[in-house]
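Read off the chains here:
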Amino acid sequence: MAKIIDGKLIAGEVRARIADEAAALAKCGVVPGLAVIIVGDDAASQVYVRNKHKACAEAGFYSEVIQMPRETTENELLCKIESLAEDGKIDGILVQLPLPEHIDEKKVTAAIPPEKDVDAFHLENTGRIMTGDYRYLPCTPAGIMTMLRHEKIDVAGKECVVIGRSNIVGKPMAMMLLNENGTVTVCHSKTKNLAEVTRRADILVVAVGKAGFVTADMVKEGAVVIDVGINRGEDGKLHGDVDFEGVKDVASAITPVPGGVGPMTITTLLENTLAAAKRRAER
Ligand code: NDP
């Protein structure tokens, strides 16, 4: 039976350290500040934003939630970003995705100054991941790397397989594993003989968005399995992309859903915002 990697516990430890560092910074007159903009009333997005706000409060950060109506124009949103870019209290700006269809996500991401882009979606920050010379790392894959380090799972020389190639999870995940000297394969919907590829993995990261997609027969005995998926089932509960019950008997370590990767994502957001505030303190 695999070791269950407790993301909640790891996140708690990292957040306690962040809160201590934020308190020390506050004594020097710099309180880390995060602004989260949400456009429209998507229910899942509202929950994510509330969780981010709560995590900021617990870490002693200043946090602003800017709720804008669904009819907000692209220009109005860009103006709001511009004013936050100039706001000295704000170290990080995050625009909750998805945006309503009439707003161009790329334009919005590009409008956030790279030094305040704590989600690391701006092209400048994305490009920096390629060279390993980064300012911020995208929250979900960076949270997974923190987990692996915490569990003393060495990536160097390991066969790493990532299923999923999205810009926010799969691709940066692959690059980070490569930067840590893993031998990395990225799979997607056009990959042939997927199970053959996944069975080679010492470390398997699954970010597909389909409940129970990875089954025990796709996993090598003793592999580390990281489940990024968040799927709301008909039972109203959250399910991962991995068939946890089957795979836990084959893997050596596995993340549960909920309580695995999820808590690490917001933790990295706090880390990025703290790093931005430290840079402000040095100016
Ligand atoms: P996307 O929908 O952007 O990407 C899904 C990827 O899965 C695509 O690259 C797609 O391939 C691939 N895929 C789909 N079907 C198959 C298949 N049959 N075989 C192999 N690959 C397949 O999703 P995200 O990366 O944004 O998110 C993935 C999951 O992670 C979702 O459940 C999401 O909710 C969750 N998530 C969780 C977070 C957390 O904090 N825990 C944060 C972000 C996301 P192709 O490119 O060819 O279409």
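The rules we used
- Residues numbered from 1 in each chain as written.
- Predicted model: local features only at pLDDT ≥ 70, side-chain atom pairs only at ≥ 80, totals over all residues.
- Heavy atoms only, no water.
- Near = heavy atom within 4 Å.
- Polar contact = N/O pair within 3.5 Å; in protein donor to acceptor, adjacent residues only side chain to side chain.
- Areas by Shrake-Rupley, 256 points an atom, 1.4 Å probe, with all protein chains shown as cover.
- Helix = DSSP H or I, 4+ residues; strand = E, 2+ residues; numbered from the N terminus.
- Core = buried A, V, L, I, M, F, W, Y, C linked by side-chain atoms within 4.5 Å.
- Buried < 20%, exposed > 50% of the residue type's maximum accessible area, 1.4 Å probe, protein only.
- Domains from an automatic or database assignment.
- Contact = heavy atoms within 4.5 Å.
- Pairing = 2+ DSSP bridges.
- Axes fitted to C-alpha atoms, helices over the stretch in contact; angles between N-to-C directions.

1. What about the site of the ligand?
Turning to step 1, where the next piece is worked out: R165, S166, S189, K210 and T265 are the nearest of the 22 residues found near the ligand.
Turning to step 2, where the next piece is worked out: Separating an oxygen atom of the ligand from a side-chain N or O atom of S166 is a distance of 2.6 Å.
Turning to step 3, where the next piece is worked out: K210 places a side-chain nitrogen or oxygen 3.0 Å from a nitrogen atom of the ligand.
Turning to step 4, where the next piece is worked out: In isolation the ligand has 930 Å² of accessible area, and contact with the protein removes 71% of it.
Turning to step 5, where the next piece is worked out: For the shell around the ligand, the element with the highest residue contribution is helix α10 (residues 261-282), accounting for 3 residues.

2. Side note on the nonpolar core
Turning to step 1, where the next piece is worked out: Among the nonpolar cores identified, the biggest contains 53 residues, and F61, I144, L148, L177, V205 and I226 are the most heavily contacted of them.
Turning to step 2, where the next piece is worked out: The element contributing the most residues to this core is α10, with 8 residues.
Turning to step 3, where the next piece is worked out: Counting only domains with at least three residues in this core, you end up with domain 1 (29-113) and domain 2 (139-262).
Turning to step 4, where the next piece is worked out: When neighbours within four sequence positions are excluded, V205 is seen to be in contact with I144, V161, V162, I163, M173, L177, I226 and V228.
Turning to step 5, where the next piece is worked out: Residues A2, L204, A251 and I254 belong to the second largest nonpolar core, which totals 19 residues.

3. What to know about the domain arrangement of the protein chain
Turning to step 1, where the next piece is worked out: Domain annotation of the protein chain identifies domain 1 (29-113) and domain 2 (139-262).
Turning to step 2, where the next piece is worked out: Placing a centre on the C-alpha atoms of domain 1 and another on those of domain 2 gives a separation of 29 Å.

4. Points about the sheet that holds strand β4 (residues 92-95)
The strands that make up a sheet pair up through hydrogen bonds in the backbone, lying either parallel or antiparallel.
Turning to step 1, where the next piece is worked out: Spatially, β3-β2-β4 is the arrangement adopted by the 3 strands of the open sheet, whose pairing is parallel. If you trace the sheet from one side to the other, it starts and ends with β3 (62-68) and β4, each paired once. Averaged over all pairs of adjacent strands, the angle between strand axes in this sheet comes to 15°, irrespective of strand direction.
Turning to step 2, where the next piece is worked out: Where strand β2 (residues 33-39) meets β3, 7 bridges bridge the pair, whose relative direction is parallel. Each bridged residue has a counterpart across the sheet, and for A35 the counterpart in β3 is E64.

5. Overview of the sheet that holds strand β11 (residues 253-254)
Turning to step 1, where the next piece is worked out: Spatially, 6 strands are ordered β1-β11-β8-β7-β5-β6 in an open sheet, and the strand pairing comes out parallel. The two strands at the open ends of the sheet, each matched to only one other strand, are β1 (3-4) and β6 (183-187).
Turning to step 2, where the next piece is worked out: Taken together, the 4 bridges between strand β5 (residues 159-163) and strand β7 (residues 203-206) define a ladder with parallel strand orientation. The residue of β7 that forms the bridge with C160 is I203.
Turning to step 3, where the next piece is worked out: The sheet strands contacting helix α7 (residues 170-179) are β5, β6 and β7, and the helix crosses β5 at an angle near 170°.

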